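# Results of the structural survey
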Amino acid sequence: MSTTSICVYCGSRMGTDPAHADQATALGRAIADAGWQLVYGAGDVGLMGTVARAAQEAGGRTFGVIPKHLMDLEVGKRDLTSFVVTETMHERKKVMLMNADAIVVMPGGAGSLDEFFEALTWRQLGLHAKPIVLMDVNGFWAPLHALMDHVVDAGFADASLLDFVHSGGSATEVMGLLRRALSDAKADAE
């Protein structure tokens, strides 16, 4: 039986709200405690490093993917269970998404938004059916929710787009959403 893998997109910075780091730690531990594997951007900085170290400290498997041009900037974390170096950012995103059963988007910047929108677009186009969960710590993603509502209201996307994205305010809520979504996907496949 294969290991369930959770792709976590998140910032290479810590951000200004200490709750983000606290929830990154909680999520890393929870993924490991569930017996799941963390798939992430292989950096050892910011929330990326926080979630990975927490998963490792809890005995979890870690699968990191980093493009060679970010090895120094994001401090490529070589002590992971699996460590993949890609040529490009696009290749990184593809390897991460293809090696995951679900996606969690923690607070982050332009890179996290890019990863989120690519995963969402691929879902909308039917290229995957993986759950996408926003970790909305202290309402961080409220503007993103408003933007998606606006896109639908303006007629640029079907309302079904909103059904592809779930949101939880803490690692505990996110893990509950993941368990339900993965269980539903398994039941649908049987």
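Above this text is the structure in question.
Cut-offs and rules
- Residues numbered from 1 in each chain as written.
- Predicted model: local features only at pLDDT ≥ 70, side-chain atom pairs only at ≥ 80, totals over all residues.
- Heavy atoms only, no water.
- Helix = DSSP H or I, 4+ residues; strand = E, 2+ residues; numbered from the N terminus.
- Expected span 1.5 Å × (residues − 1).
- Buried < 20%, exposed > 50% of the residue type's maximum accessible area, 1.4 Å probe, protein only.
- Core = buried A, V, L, I, M, F, W, Y, C linked by side-chain atoms within 4.5 Å.
- Contact = heavy atoms within 4.5 Å.
- Axes fitted to C-alpha atoms, helices over the stretch in contact; angles between N-to-C directions.
- Left-handed = near helix turned anticlockwise from the far one by under 90°.
- Nonpolar A, V, L, I, M, F, W, Y, C, P; charged D, E, K, R; others polar.
- Phe/Tyr/Trp six-rings, centres within 6.5 Å; stacked < 30°, edge-to-face > 60°.

What follows concerns helix H4 (residues 110-124). Over its 15 residues, H4 extends 21 Å from the first C-alpha to the last, a length consistent with the 21 Å expected when each residue adds 1.5 Å. Among the residues of H4, Ser112, Glu115, Phe116, Glu118, Ala119, Leu120, Trp122 and Arg123 are the ones counted as buried. Where H4 terminates, the next one or two residues include Gly126, which has phi positive at roughly 80 degrees.

The biggest cluster of nonpolar side chains holds 34 residues, and the ones touching the most others in it are Ile6, Val8, Leu27, Val104, Met106 and Leu178. If you list the elements that add at least two residues to this core, you get strand E1 (5-9), helix H1 (18-33), strand E2 (37-40), helix H2 (46-57), strand E5 (102-105), strand E6 (132-135) and helix H7 (171-189). Leaving out residues up to four positions away in the same chain, Leu178 has contacts with Ile6, Trp36, Ala102, Val104 and Val133. Of all hydrophobic cores here, the second largest spans 24 residues; its members include Ala100, Ile103, Ile132 and Leu144.

On to the packing of H4 against helix H5 (residues 142-153), then. Close contact between H4 and H5 brings their axes to 14 Å; oriented N to C, the two are set at 40 degrees. The handedness of the crossing between H4 and H5 is right-handed. Between H4 and H5, the residues in contact are Leu113, Phe116, Phe117 and Leu120 and Leu144, Leu147 and Met148, respectively. Residues of the contact of H4 with H5, tallied by class, amount to 7 nonpolar, no polar and no charged.

Moving on, we get to the packing of aromatic side chains. To describe a pair of aromatic rings, one takes the distance between the centres and the angle between the planes. Applying the stated criterion to the full structure yields 2 aromatic pairs. Considering the side-chain rings of Phe116 and Phe117, the 5.0 Å spacing of their centres and the 65 degrees angle between planes classify their relative orientation as edge-to-face. We classify Phe117 as partly exposed; its relative accessible area is 33%. For the pair Phe140 and Trp141, a centre-to-centre distance of 4.7 Å together with 85 degrees between the ring planes defines the contact as edge-to-face. On the basis of relative accessibility, which here comes to 31%, the residue Phe140 falls in the partly exposed class. Its relative accessible area of 3% is what places Trp141 among the buried residues.

Remember, this is a structural readout, not a statement about activity or role.
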